[in-house]
Amino acid sequence: VLFVGVGVLRAATDTADVSVTVTPGGISCTLTRDVDYDFGTVNLAKSSHSATAVTLSYSGGSNAVIDKAVWSISSAGTAWTLDTSTGTKDHCVFGSIAKDTRADLVNDYWTYGNYETSYSSFSTTLQTYNPLKDTTGSQVTMTSPSDTQKVWFRIDVPNSVTSNDQQTFTVRFRATTQ
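Scope of this entry: the structure provided in the associated data block. It should be emphasised that the depicted structure is a prediction, and the values quoted were computed from it without experimental measurement. (Residues numbered from 1 in each chain as written. Predicted model: local features only at pLDDT ≥ 70, side-chain atom pairs only at ≥ 80, totals over all residues. Heavy atoms only, no water.)

Another point: the nonpolar core. Membership of the largest hydrophobic core comes to 23 residues, with the highest contact counts inside it found for Leu56, Ile66, Phe94, Leu132, Phe153 and Phe173. Counting residues per element, the ones that place at least two in this core are strand 3 (54-60), strand 4 (64-75), strand 6 (91-98), strand 9 (146-156) and strand 10 (167-177). It is strand 4 that provides the largest number of residues to this core, a total of four residues. Beyond its immediate sequence surroundings of up to four residues, Ile66 is in contact with Leu31, Leu56, Pro131, Leu132, Gln139, Val140, Met142, Phe173, Arg174 and Ala175. One finds Ala53, Ile97, Ala103 and Trp152 within the second-largest nonpolar core, a separate group that totals five residues. (Core = buried A, V, L, I, M, F, W, Y, C linked by side-chain atoms within 4.5 Å. Buried < 20%, exposed > 50% of the residue type's maximum accessible area, 1.4 Å probe, protein only. Helix = DSSP H or I, 4+ residues; strand = E, 2+ residues; numbered from the N terminus. Contact = heavy atoms within 4.5 Å.)

What follows is the structure in structure tokens.
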């Protein structure tokens, strides 16, 4: 008996993924600050800016850009809310600017009198970073192996508040190597 068949032979195929990773060495990034800042008492519907700077110190293996965020606002009573104006109860405006000498209350913080386009504005959403800028609008880049940068703050106090409890702003700065 003879069998004759016609058929197609197919090769079997399979795939395998391989993860290849690398971790660059020699890159470190340390960002520290020298002091905290206390505005003291600021009246309702008034603005104030820091009399002394907070100095950030950077050491790292390469240059780093600096970002800023209000991480939290705490109070024994009602914590304020970050906003672009102070017209709503318990809403404040808060900013920071990088400058070697004391920042000017009017000219250095609010670009063209507009908070939203200002170089100094924080995001109005907690824990959201945006660039730390200088008075020309350039993002601060700290250079290696070590660098310092003075940072100044401005607060516009709400027009009205629920209580006169002290407010504590936790500001977080982030250095990202380039």
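Within the secondary structure, Asp90 sits in the loop between strand 5 (81-82) and strand 6. The buried charged residue Asp90 lacks any salt bridge partner; its closest oppositely charged side chain belongs to Lys89, at an N-O distance of 5.9 Å. If sequence neighbours within four positions are ignored, Asp90 has contacts with Thr78, Trp80, Thr81, Pro158, Ser160, Val161 and Thr162. (Lys, Arg positive; Asp, Glu negative; His and termini not counted. Salt bridge = Lys/Arg side-chain N within 4 Å of Asp/Glu carboxyl O.)

Below, the discussion takes up the pairing of strand 4. Walk down a regular strand and you will see the side chains alternate between the two sheet faces. Looking at chain direction, strand 4 and strand 8 (residues 141-142) are connected through two bridges and run antiparallel. In the sheet register, Ala64 faces strand 8, and the bridge partner there is Met142. In the sheet, strand 4 pairs with strand 7 (residues 130-131) via two bridges, with the strands oriented antiparallel. Along strand 7, the bridge assignment pairs Lys68 with Asn130. (Pairing = 2+ DSSP bridges.)

Glancing now at the packing of aromatic side chains. Overall, the coordinates contain five aromatic pairs when judged by the stated rule. Residues Phe94 and Phe122 carry aromatic rings whose centres are separated by 5.1 Å and whose planes lie at 5° to one another, so their mutual orientation is stacked. Of the two residues, Phe94 is situated in strand 6 and Phe122 in the loop between strand 6 and strand 7; the sequence distance between them amounts to 28 residues. For Phe94, a relative accessible area of 4% gives the class buried. Assessed through its relative accessible area of 2%, Phe122 is described here as buried. Chaining the aromatic ring pairs together yields one cluster made of Phe94, Phe122, Phe153 and Phe169. Of note, Lys68 hangs over the ring of Phe122, and the distance from its end group to the ring centre comes to 5.2 Å. One cation-aromatic arrangement involves Arg172 over Trp71; the distance from NZ or CZ to the ring centre is 4.0 Å. (Phe/Tyr/Trp six-rings, centres within 6.5 Å; stacked < 30°, edge-to-face > 60°. Lys NZ or Arg CZ within 6 Å of the ring centre and 35° of its normal.)

A separate point is the pattern of salt bridges. In total, this model carries three salt bridges according to the counting rule given. Between Asp36 and Arg33 there is a salt bridge whose closest N-O contact spans 3.3 Å. A relative accessible area of 62% places Asp36 in the exposed class. For Arg33, a relative accessible area of 47% translates into the label partly exposed. Between Arg154 and Asp156 there is a salt bridge, and its shortest N-O distance comes to 2.8 Å. Judged by its relative accessible area of 10%, Asp156 falls in the buried class.

Turning our attention to the side chain of Gln167. Its place among the elements puts Gln167 in strand 10. Residue class for Gln167 comes out buried when judged on its relative accessible area of 13%. Of note is the side chain of Gln167, whose polar atom sits 3.2 Å from the backbone oxygen of Thr78. A polar contact is formed between the side chain of Gln167 and the backbone nitrogen of Trp80, at a distance of 2.8 Å. (Polar contact = N/O pair within 3.5 Å; in protein donor to acceptor, adjacent residues only side chain to side chain.)

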